[in-house]
Amino acid sequence: MRPSVAAATRCSCSGEPVGVELYRIDDRLIHGQVVVGWGKPLDIGFIVLVDDEVAASEWEQELYRMGVPPDVEVRFESVDSAARALAGYQCDPRPGILLTGDIATMHRLVDATHAIHEVNVGGIHYRPGRVERLRYVFVTPEEEEALRALAGNGVAVSAQDVPAARPVPLEDMLAGRGDA
């Protein structure tokens, strides 16, 4: 059974389900929870990490590659290059995960493509100015506004740290309802 965060759009090139099964915001980017927790149930064949700084740093890319099994392709994209390549990722026959490390990056990608219809908030951790909404989601007022703007543009936003957890709809997340 697939986790409930699978993307709802279809690939325009073949009519098959999209290659990107999960669009996730997680400030830790590639780590065990993504690779094992989500990757195994989704049987992923690729991960797209969208981050302008990481896309420009071979050293950081190599660090992230070390945490991924050799049979999983890892692609590093800036927001601009990811926007240009997204249709190809969506048509890839392999299931995949697209990750951003923050809300602003995902928001920029959604605005640039208008092709992302569901976003998983998986881990936004504490830093000064952020308020706890769930045990794994802390947001500033500006980040909350950006999440609401995504939803206002037709993107289904929910929080779900692991596939076995119940997805928490945006309004419940922002109200602090949803932790078990």
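Read on for an overview of the structure. No experiment lies behind these values; they were computed from the predicted model shown.

**With respect to the pairing of strand β8 (residues 156-159)**
Inference 1: In this sheet, β8 lies alongside strand β5 (residues 118-123) in parallel orientation, the contact comprising four bridges. When the bridges of β8 are listed, Val119 appears paired with Val157.
Inference 2: Of the strand pairs in this sheet, β8 and strand β9 (residues 168-169) are connected by two bridges, and their pairing is antiparallel. Paired with Ser158 across the bridge in β9 is Pro169.

**Topic: the nonpolar core**
Inference 1: One finds Leu98, Val121, Leu147 and Met173 to be the most contacted residues of the largest nonpolar core, which totals 34 residues.
Inference 2: Residues in contact with Val121, not counting those within four places in the same chain, are Ile25, Tyr136, Val137, Leu147, Val157, Ser158, Ala159, Gln160 and Met173.
Inference 3: Counting 18 residues, the second largest nonpolar core, distinct from the first, contains Leu22, Val35, Trp38 and Ile47.

**Concerning the sheet that holds β8**
Inference 1: Spatially, β3-β2-β4-β1-β5-β8-β9 is the arrangement adopted by the seven strands of the open sheet, whose pairing is mixed. Taken across any chain shown, the strands that pair with only one partner, and hence form the sheet edges, are β3 (73-77) and β9.
Inference 2: Two strands pair when backbone bridges link them, and strand β2 (residues 46-50) and strand β4 (residues 96-100) are joined in this way by five bridges, in the parallel orientation. By the bridge assignment for β4, Val50 is matched with Thr100.

What counts, and where the lines are drawn
Residues numbered from 1 in each chain as written. Predicted model: local features only at pLDDT ≥ 70, side-chain atom pairs only at ≥ 80, totals over all residues. Heavy atoms only, no water. Pairing = 2+ DSSP bridges. Helix = DSSP H or I, 4+ residues; strand = E, 2+ residues; numbered from the N terminus. Core = buried A, V, L, I, M, F, W, Y, C linked by side-chain atoms within 4.5 Å. Buried < 20%, exposed > 50% of the residue type's maximum accessible area, 1.4 Å probe, protein only. Contact = heavy atoms within 4.5 Å.

Function-wise, these values are silent; they only describe arrangement.
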